[in-house]
Amino acid sequence: MSTVVDEITHRQHVGTVDYTPKDFKAPIDVRWCAGCGGYSILAQVQRIMPGLGIPKEKIVFISGIGCSSRFPYYMDVYGVHSLHGRAIAIASGLKIARPELSLWIATGDGDCMSIGGNHFIHACRRNVNLNVIMFNNGVYSLTKGQYSPTSQQGQITKSSPLGVLDDPFNPASLALGSGASLVARGYDGDPKNLQYLFERAAQHNGFSFVEVYANCVIYNDGAFDLFTRKETRNEHSILLEHGKPLIFGDNKDKGIKLDGFKPTIVSIADGKYSVNDLLVHDEQDSTLAFILANMTYNPEMPRPMGVFQAIERKTYEQKVEDQIAYYSGKPGAGKLENLLIDEDSWEIK
Amino acid sequence: MEKQVQYLEEAVIRFAGDSGDGMQLVGTLFSNTSGSIGNDVNTFPDYPSEIRAPEGTLYGVSAYQIQFGQKRINTPGNKIDLLVAMNASSLKVNLPHVKKGALIIVNSAGFDEKNLRLAKYQKNPLEDNSLSDYQVVPLNISGLVKEELKDSQISPKYVDRTKNIFALGMTYWLYDRPLHHTEKWLEGKFGKKADILASNKRVLKAGWEFANTSEIFKTQFKIKHSDMKPGYYRNITGNHAVAIGLVIAAHKANMPLFLGSYPITPATEILHFISGYKEYKVKHLQAEDEIAGVCSAIGASYGGFFAATTTSGPGLSLKVEAIGLAVILELPLVIVDVQRGGPSTGLPTKPEQSDLFMAMYGRHGEAPLPIVAATSASDCFDMTIEAGRLAIKYMTPVILLTDGYLAQGTNPWKIPNLDELPDIHPTFVTNPEGFAPYKRDPQTLARLWAIPGTQGLEHRIGGLEKEDITGLVTQDPANHQKMVDIRAKKIENIVNDIPLAVVEGEQHGDLLILGWGGTYGAIKDAFDKLRSDGKKVSYCHLKHLNPFPKNLEQILKSFKRILIPELNMGHLRTIIRSTYLIDSIGLNKVQGLPLNAYEVEDKVNELLKVKE
Ligand SMILES: Cc1ncc(C[n+]2csc(CCOP(=O)(O)OP(=O)(O)O)c2C)c(N)n1
Ligand code: SF4
Ligand SMILES: [Mg+2]
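Residues numbered from 1 in each chain as written. Chains lettered and ligands numbered in written order. Predicted model: local features only at pLDDT ≥ 70, side-chain atom pairs only at ≥ 80, totals over all residues. Heavy atoms only, no water.

### Digging into a positive patch on the surface
Residues and elements named next belong to chain A.
Argument step 1. The grouping of K22, K25, R47 and K192 at the surface amounts to a positive patch.
Argument step 2. Summarising the element assignment, K192 is placed in helix 7 (residues 191-203).
Argument step 3. Residue class for K192 comes out exposed when judged on its relative accessible area of 65%. (Patch = residues over 30% accessible without salt bridge, like charges linked within 9 Å, V, L, I, M, F, W, Y side chains within 5 Å. Areas by Shrake-Rupley, 256 points an atom, 1.4 Å probe, with all protein chains shown as cover. Salt bridge = Lys/Arg side-chain N within 4 Å of Asp/Glu carboxyl O. Lys, Arg positive; Asp, Glu negative; His and termini not counted. Charge placed at Lys NZ, Arg CZ, Asp CG, Glu CD. Helix = DSSP H or I, 4+ residues; strand = E, 2+ residues; numbered from the N terminus. Buried < 20%, exposed > 50% of the residue type's maximum accessible area, 1.4 Å probe, protein only.)

Okay, here's the thing in structure tokens:
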């Protein structure tokens, strides 16, 4: 007997799948502060959605709690605004149940890495095919400005008036170390790259983690300016592109060269080194991904943006499907009588 | 030798030995055989909490107790009529449970110097007359099996391991049970290993013959079979019954099953069973913690699955916030709490009923949900179906309370005909015409259920308060009041959809015993005994704890005094008082032990002496 869920799972979309970004705008007002980094993330997500060619009814956004987690209300697809930290746990259950759905998670640095840290690392290692967008604003905004696990040492917040003592997480390293198969970083002020990263996440068959530097104009304004503002970003950030040498700087005159396992900055303008000496990015090299992610809090190095790693490996939900197909496909499998009556049963006549 | 025959109504036996002696196995085989000849049976395993306790030690003793009989058997029994003890430690640990004058068969090979030392016996109890209150039969069972299998090819070590089967054979003679059910089981188990199969069968038969021919056993006990209804039966533990119940409930709802769970004693076996059900297309996640267990289940439920999460007290504590989410999302979810002694890690393997308050009140905000409880191991099946029926029909999380005693004990389960079980009807909608996520079925107040994948019904839900019908986020004061009222009303209305409470004995009078959940067997035994002694007392047992059955207030008001026995410090008593302004007398016990019938009897007798 086929279940309603089976039937809905296999239902064909009626009509063509032909959307514009507007079709993904839910009919309610967006309530973030003017200038909040969330607006750009929302706009880029809505912009890439039509190109994915996925029927709207197959798309689900799940979030936790935080400013960022308001996100699902603004997307005209299926959505759940859940509990602080638990979006990934809820989405994992949904994805295992319904692997055909396109599952997206909007989460904050606190939501994902503090209260939800356990679910995050375990979803990374299981490789559940979820697309996690983490709005990193380096602060707990919804609760009005306490430090978060990505706040920097010394940062002044409501709960650290004398400066933060904690060392921060480096989200990319945490994700890589936990086994995430796609790990990327972008920032709110670079729409093109954000669109690219979200598309990559959508296309990646596995757990995708996209950290987005999202400016909170109220509680941590300008935290990422060095890496995101026109005046400074060329010198202080570097875009990782698969198969390309690592070049940065206002005049594209600097590059990253590996000295053993240690990345170093070299000039390619003074004749000593050329482009050919530079490190060439390889998304499939997980050792390299660790090295690059580790540049994050090194004040000497430019902040890496782009895709650190994209490695395909079988998803958790696929393994579940395979196991079920194998055992339910055996001759005589799935008979409920055998579940009810076993070798220890007896009959009273 | 001429043997005497004595007819009994029921008997209690206990197999006890070292963890490695196979006591759980022979206990299970004995109870299955007893069931198969039409006795009613109730069992309880008593094994060490250490995983591999050192051999021969007091804390390594593993035992299995069985009460079987002609009439309805409600508990594994109290005092033992026959103890089989494989070594000194198992005798020492179990002796306090043995009736004076009862038969004790000991394996004398387990009473050597080392075993006596490990059992902390100064002198050999088989030789110092300290057991003169009992009929002790010391037998060198190790030697007997060695003799029996002396020409066999199997290793001496394995030969010694058949002692449990020899002992089982003896008990089959003593209580006049056939061998074939066990022989059939051995064939299924060792069919491919001819040597081992033949040895076990020989030893089983040898045990039987030994008891039959030896001068030692002068009496054979016979127990008539009960008039069990025709049908298929099996002995089942509460945890197994829950696992099967979840599969069947999902089947009756025509929905796929998902379990999100994290291992915890004494609930873990449910996860074990479910994880093996891939052929039934059951999905499960052994989550990283209990929070992820319940949250993944909520995710699956959102996706249209019949979703469940299973746990025990500490895990329920962790799940509380997410259960509240399920309440406001109005998504169906079955939460099984196999209660154990608390607080904190408490008594992990021991039963208690001390999670009723948490089930009832343990969420922030106004978050009522239905609570049901199982009365026996096999009843865990029925109550799992009931929990699933209420969850799906009313779009709500439901808590099913069992306990460590039901979870591991067994009794015969009459395997149901699936057609006779109630169908469960989810409220799925697929038509976008006039759809709104918080539109409700006017009868049940269950909201309409549109799952992802349904075109045109895309909508958002969440933990923020929702506007009635539209589901839009709102903080409107009147709306919050309205939604709280609706959610409460939805649960209250279930009262019209659950069975009335039943009173055994007079329908009104002086004294009513009111029980709930897993103490049924003990209270029922006590009640039957009191009635046969001519005592005027009535009995009502609850399986629905929220809402209570419609007639409960009327019942309670029909008695002058109410006695509530429970394995906590008065949860039901407090709830009854706050619900109906009716006071009652508590019989409260939190010792990590099940309730005993005699405790209820004593209390009732004491109360009946002082007439009110
Ligand atoms: C269990 C629980 N604890 C605490 C909170 C309060 N709370 C809500 S959001 C939040 C932090 C949000 O920070 P982040 O995830 O970084 O999101 P942002 O608002 O910065 O986007 C906290 C502590 C809560 N809602 N639930
Ligand atoms: S407080 Fe910060 S994060 Fe929240 S909406 Fe305003 S700008 Fe955005
Ligand atoms: Mg934040």
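This is not the end of the story, as more comes after the structure.
### Concerning the interface of chain A and chain B
Argument step 1. At the junction of the two partners, chain A supplies 66 residues and chain B supplies 73 residues.
Argument step 2. Summing the contributions of chain A and of chain B, the shared interface buries around 6000 Å²; its carbon and sulfur component is 65%.
Argument step 3. Our count for the chain A to chain B interface comes out at four salt bridges.
Argument step 4. Notably, a salt bridge pairs E321 of chain A with K283 of chain B, separated by 2.5 Å at the nearest N-O pair.
Argument step 5. On inspection of chain A and its partner chain B, the count reaches 33 residue pairs in polar contact (both at pLDDT 80 or more). (Contact = heavy atoms within 4.5 Å. Buried area = accessible area lost by both parts, 1.4 Å probe. Polar contact = N/O pair within 3.5 Å; in protein donor to acceptor, adjacent residues only side chain to side chain.)

### Points about the site of ligand 1
Argument step 1. Around ligand 1, a shell composed of 17 residues is seen, among which C67, S68, D109, G110 and D111 of chain A lie nearest.
Argument step 2. More than a single chain frames ligand 1: its nearby residues are located in chains A and B.
Argument step 3. With respect to ligand 1, the backbone of G110 of chain A contributes an N or O atom lying 2.9 Å from an oxygen atom.
Argument step 4. Relative to its free-state accessible area of 580 Å², ligand 1 is covered by the protein chains to the extent of 77%.
Argument step 5. With four residues, the top contributor of residues to the shell around ligand 1 is helix 4 (residues 109-115) of chain A. (Near = heavy atom within 4 Å.)

### Here's the deal with the sheet that holds strand 13 (residues 333-339) of chain B
All names here are of chain B.
Argument step 1. Pairing is mixed across the open sheet formed by seven strands, whose spatial order is 11-10-12-13-15-14-21. Where the open sheet ends on each side, the last strands, each with one partner, are strand 11 (283-286) and strand 21 (544-546). Strand-to-strand twist across the sheet, computed as the mean angle between neighbouring axes with direction ignored, equals 20°.
Argument step 2. Relative to strand 13, strand 12 (residues 306-311) is paired through four bridges, and the arrangement is parallel. Counterpart to T309 in the pairing with strand 13 is I335.
Argument step 3. Where helix 9 (residues 238-252) meets the sheet, its contacts fall on strand 10 (257-261), strand 12, strand 13 and strand 15 (397-403), and the angle it forms with strand 12 comes to roughly 170°. (Pairing = 2+ DSSP bridges. Axes fitted to C-alpha atoms, helices over the stretch in contact; angles between N-to-C directions.)

### Quick notes on the side chain of H122 of chain A
Residue and element names in this part refer to chain A.
Argument step 1. Mapped onto the fold, H122 is located in helix 5 (residues 117-126).
Argument step 2. Accessibility expressed as a relative area gives 17% for H122, which makes it buried.
Argument step 3. Among the polar contacts made by the side chain of H122, one reaches the side chain of R125 at a distance of 2.9 Å.

### Points about the packing of helix 17 (residues 520-532) of chain B against helix 20 (residues 597-609) of chain B
Residues and elements named next belong to chain B.
Argument step 1. Interhelical geometry of helix 17 versus helix 20 gives an angle of 50° and a closest axis separation of 7 Å. With respect to helix 20, the element helix 17 is oriented oblique. In this structure, helix 17 crosses over helix 20, and the sense of that crossing is right-handed. Contact residues: helix 17 offers A522, I523, D525, A526, K529 and L530, while helix 20 offers A597, V600, E601, V604 and N605.
Argument step 2. For the contact of helix 17 with helix 20, the residue count by class is seven nonpolar, one polar and three charged. (Parallel < 35°, antiparallel > 145°, perpendicular 65-115°, else oblique. Left-handed = near helix turned anticlockwise from the far one by under 90°. Nonpolar A, V, L, I, M, F, W, Y, C, P; charged D, E, K, R; others polar.)

### Some details on helix 3 (residues 87-97) of chain A
Argument step 1. Of all 11 residues in helix 3 of chain A, 11 are buried; the element is thus mostly enclosed.
Argument step 2. Among the residues of helix 3 of chain A, A87, I88, A89, I90, A91, S92, G93, L94, K95, I96 and A97 of chain A are the ones counted as buried.

### With respect to the coordination of the magnesium ion (ligand 3)
Residue and element names in this part refer to chain A.
Argument step 1. Bound to the magnesium ion (ligand 3) on the protein side are D109 (OD), N137 (OD1) and V139 (O), at distances that span 2.0 to 2.1 Å.
Argument step 2. Sequence positions of the donors to the magnesium ion (ligand 3) reduce to the motif D-x27-N-x1-V. Pair noted here: D109 is in helix 4 and V139 is in the loop between strand 4 (131-136) and helix 6 (171-177), with a separation of 30 residues, a long-range link.
Argument step 3. Residue classification places D109 among the buried positions, given a relative accessible area of 2%. (Donors = N, O, S within 2.8 Å, 3.2 Å for Na, K, Ca; no water.)

### A short note on the site of ligand 2
Argument step 1. The local shell around ligand 2 consists of W32, C33, C36, C67, N137, S141, C216, V217, I218 and Y219 of chain A.
Argument step 2. Its residues assigned to classes, the shell around ligand 2 shows eight nonpolar, two polar and no charged.

### Some words on the domain arrangement of chain B
Residues and elements named next belong to chain B.
Argument step 1. Structurally, chain B comprises domain 1 (4-223), domain 2 (234-420) and domain 3 (503-609).
Argument step 2. Inter-centroid distance (C-alpha atoms) of domain 1 to domain 2 is 35 Å.
Argument step 3. Contacts between domain 1 and domain 2 engage 14 residues on the former and nine residues on the latter.
Argument step 4. Interface area, domain 1 with domain 2, both sides summed: about 870 Å², of which 47% is carbon and sulfur.
Argument step 5. Our enumeration of links across domain 1 and domain 2 arrives at zero salt bridges.
Argument step 6. Here domain 1 and domain 2 share four residue pairs in polar contact (both at pLDDT 80 or more) between them.
Argument step 7. Taken together, the elements giving at least two residues each to the side of domain 1 that touches domain 2 come down to helix 1 (23-36) and strand 3 (40-46). (Domains from an automatic or database assignment.)

### Quick notes on the state of the cysteines
Argument step 1. Per the stated rule, a full pass over the model turns up zero disulfides over all chains.
Argument step 2. You can see C112 of chain A has no disulfide; the closest cysteine sulfur is in C124 of chain A, sitting 7.7 Å from it. (Disulfide = S-S within 2.5 Å.)

### Notes on the pattern of salt bridges
Argument step 1. Tallying each qualifying case throughout the model produces 44 salt bridges over all chains.
Argument step 2. Here R126 of chain A and E288 of chain B are joined by a salt bridge, their closest N and O atoms 2.7 Å apart. With one member in each of two chains, R126 of chain A in helix 5 and E288 of chain B in the loop between strand 11 and helix 11 (290-302) form a pair that bridges those chains.
Argument step 3. By relative accessible area, R126 of chain A is classed as buried at 7%.
Argument step 4. Using a relative accessible area of 10% as the deciding quantity, one classes E288 of chain B as buried.
Argument step 5. Residues joined by salt bridges that share partners form a network here, namely E386, R389, K393 and D497 of chain B.

### As for the environment of D525 of chain B
Residue and element names in this part refer to chain B.
Argument step 1. Along the chain, D525 falls in helix 17.
Argument step 2. In this structure the C-alpha to C-alpha distance between D525 and N596, which are 71 residues apart in sequence, comes to 9.0 Å.
Argument step 3. Ignoring sequence-local partners within four residues, the contact set of D525 consists of N74, T75 and A597.

### Thoughts on the packing of aromatic side chains
The description of two aromatic rings rests on the distance between their centres and on the angle between their planes.
Argument step 1. Applying the stated criterion to the full structure yields 29 aromatic pairs over all chains.
Argument step 2. Pairing Y19 of chain A with F24 of chain A gives two aromatic rings, centres 5.3 Å apart and planes at 75°, and the pair type is edge-to-face.
Argument step 3. Given a relative accessible area of 0%, F24 of chain A falls into the buried group.
Argument step 4. Between F166 of chain B and F210 of chain B, the aromatic rings sit 5.9 Å apart at their centres with planes inclined by 55°, giving tilted as the arrangement. Here F166 of chain B, found in helix 6 (residues 163-174), pairs with F210 of chain B, found in helix 8 (residues 194-213); they are 44 residues apart in sequence, far enough to count as distant.
Argument step 5. Of the residues examined, F166 of chain B reaches a relative accessible area of 2% and is grouped as buried.
Argument step 6. Taken together, the ring pairs in this structure connect W32, Y39, F61, F71, Y74, W104 and F135 of chain A into an aromatic cluster. (Phe/Tyr/Trp six-rings, centres within 6.5 Å; stacked < 30°, edge-to-face > 60°.)

### Re the pairing of strand 4 of chain A
Residue and element names in this part refer to chain A.
Argument step 1. Here strand 4 lies mainly inside the structure; six of its six residues are buried.
Argument step 2. Alternating residues of strand 4 divide into N131, I133 and F135 and V132, M134 and N136, and every residue in both groups is buried.
Argument step 3. Judged from the five bridges that link them, strand 3 (residues 102-108) and strand 4 form a sheet pairing that is parallel. Looking at strand 4, one finds that W104 is bridged to N131.
Argument step 4. In this sheet, strand 6 (residues 208-213) lies alongside strand 4 in parallel orientation, the contact comprising six bridges. Bridged to M134 within strand 6 is E211.

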